[in-house]
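Residues per chain, in single letters:
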Amino acid sequence: MNQTQKKTRKISILAMTQLAILTAIVFVLQMLGSVIRIGPTSISLVLLPIVIGAIILGPGAGAFLGFIFGLITFWAGVSGTDFFTFTLFSAQPVATALICIGKGTAAGLAAGLVYKLMEKKNQLIASILAAAAAPIVNTGLFILGGLTLVADTLSATFVSGTTLIYFLVIGCAGLNFVVEFLVNLIVSPAIYNISCAIAKISSRTKQ
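The structure presented is a predicted model; accordingly, all values stated were derived computationally and were not measured.

Participant: Please provide a residue-by-residue account of helix α4 (residues 83–91), values included.
Facilitator: All of the buried residues along α4 are Phe-84, Thr-85, Thr-87 and Leu-88. Along the axis of α4, the buried positions cluster into a sector of 155 degrees, meaning they face one direction only. The residue sitting at the N-terminus of α4 and contributing the capping side-chain oxygen is Asp-82; that oxygen lies 3.2 Å from the backbone nitrogen of Phe-84.

Next comes the structure, spelled out in structure tokens:
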């Protein structure tokens, strides 16, 4: 094995280690976040490690971490530990899987793409925009999926005395989205600092 191959292997091992650590954090935070509820849905604190992964490892890693987040959310519905998701899964399992896994994956991918698009102009601003993109995409696709894929189930089971869009935007997403968005924005400078520190470690590994 020549020197170039050794460096490539070291970089790959480092990236896999970072991804494994972030995956574990996603798992733990999603399990903890499932108990923190505002209305029928839980707060997604897990978006923070997803954004960090998207920044330091790229859009693909962000999408993978988002996929893990979505998979855990979907499993909560399958196992019955989350009543809201369980109700949707019982009536429309395929649509529920698409919403849970699709919105998480897209949120991670979007964060990575936004950062990649802006990083050459200003890395701090790129980090802030990436942190903002994740909750916007996650919540936006949740509302879109609710309006298009599981509208009948939501209307029959949860919506009473109001409209479906009001229930989704205000009752489900409203305060949750505000909390997730503000937390991501407040923490985004820390995300930037973490990303810089990890980038320095990675650059040393490449030498």
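Right, picking up where we left off after that structure.
Participant: Go over a nonpolar patch on the surface with me, naming the residues and quoting the values.
Facilitator: A cluster of nonpolar side chains, Leu-147, Ile-165, Tyr-166, Val-169 and Ile-170, forms an exposed patch at the surface whose accessible area comes to about 430 Å². Per-element tally for the nonpolar patch: the top contributor is helix α8 (residues 164–206), with four residues. Looking at where Val-169 falls in the secondary structure, it is placed in helix α8. The class for Val-169 is partly exposed, based on a relative accessible area of 33%.

Participant: Break down helix α3 (residues 59–79) for me, citing the residues and quoting the values.
Facilitator: An α-helical turn contains 3.6 residues, so a residue and the one three or four places further along point in the same direction. Over its 21 residues, α3 extends 30 Å from the first C-alpha to the last, a length consistent with the 30 Å expected when each residue adds 1.5 Å. Positive phi shows up at Gly-80, right after α3, with a value of about 90 degrees.

Participant: Which residues make up the nonpolar core, and what values go with them?
Facilitator: Val-26, Ile-50, Val-51 and Ile-191 are the most contacted members of the largest nonpolar core, which has 22 residues in total. For this core, the elements supplying multiple residues, two or more each, are α1 (3–33), α2 (47–57), α3, α5 (93–118) and α6 (123–148). Broken down by element, this core gets its largest block of residues, seven residues, from α2. Non-local contacts of Ile-191, meaning those with residues more than four positions away in its chain, are made with Leu-48, Val-51, Ile-52, Ile-55 and Ala-131.

Conventions and cut-offs
Each chain carries its own residue numbering, running from 1 in the written order of its sequence. Under the rules for a predicted model, residues below a pLDDT of 70 receive no local features and side-chain atom pairs below 80 are neither given nor counted, while totals for whole chains, interfaces and linings still include all residues. Think of the side-chain values as coming from all heavy atoms in the structure, minus any hydrogens and water. Summary of the burial criterion: residues with accessible area below 20% of their type's maximum are buried, those above 50% are exposed, and those between are partly exposed, where the area comes from a 1.4 Å probe applied to protein chains only. The helix and strand labels rest on DSSP assignments: H or I over at least four residues marks a helix, E over at least two residues marks a strand, and numbering proceeds from the N terminus. Regarding the arc, it is the one traced by the directions from the helix axis to the C-beta atoms. Any pair of nitrogen or oxygen atoms within 3.5 Å is treated as a polar contact; in protein, a donor-acceptor pairing is required on top of that, and neighbouring residues in sequence qualify only through side-chain atoms on both sides. Patch membership requires over 30% relative accessible area and the absence of a salt bridge. Like charges are linked within 9 Å, and nonpolar side chains (Val, Leu, Ile, Met, Phe, Trp, Tyr) within 5 Å. Computed by Shrake-Rupley with a 1.4 Å probe, the accessible areas treat only the displayed protein chains as cover when residues are assessed. Salt bridge, as used here, is a side-chain nitrogen of Lys or Arg placed within 4 Å of a carboxyl oxygen of Asp or Glu. Here the expected length of a helix is defined as 1.5 Å per residue gap, with one fewer gap than residues. Within this scheme, the nonpolar core is defined by two criteria: the residues are buried Ala, Val, Leu, Ile, Met, Phe, Trp, Tyr or Cys, and they are joined through side-chain atoms within 4.5 Å. Residue contacts are counted whenever heavy atoms from the two residues lie within 4.5 Å of one another.

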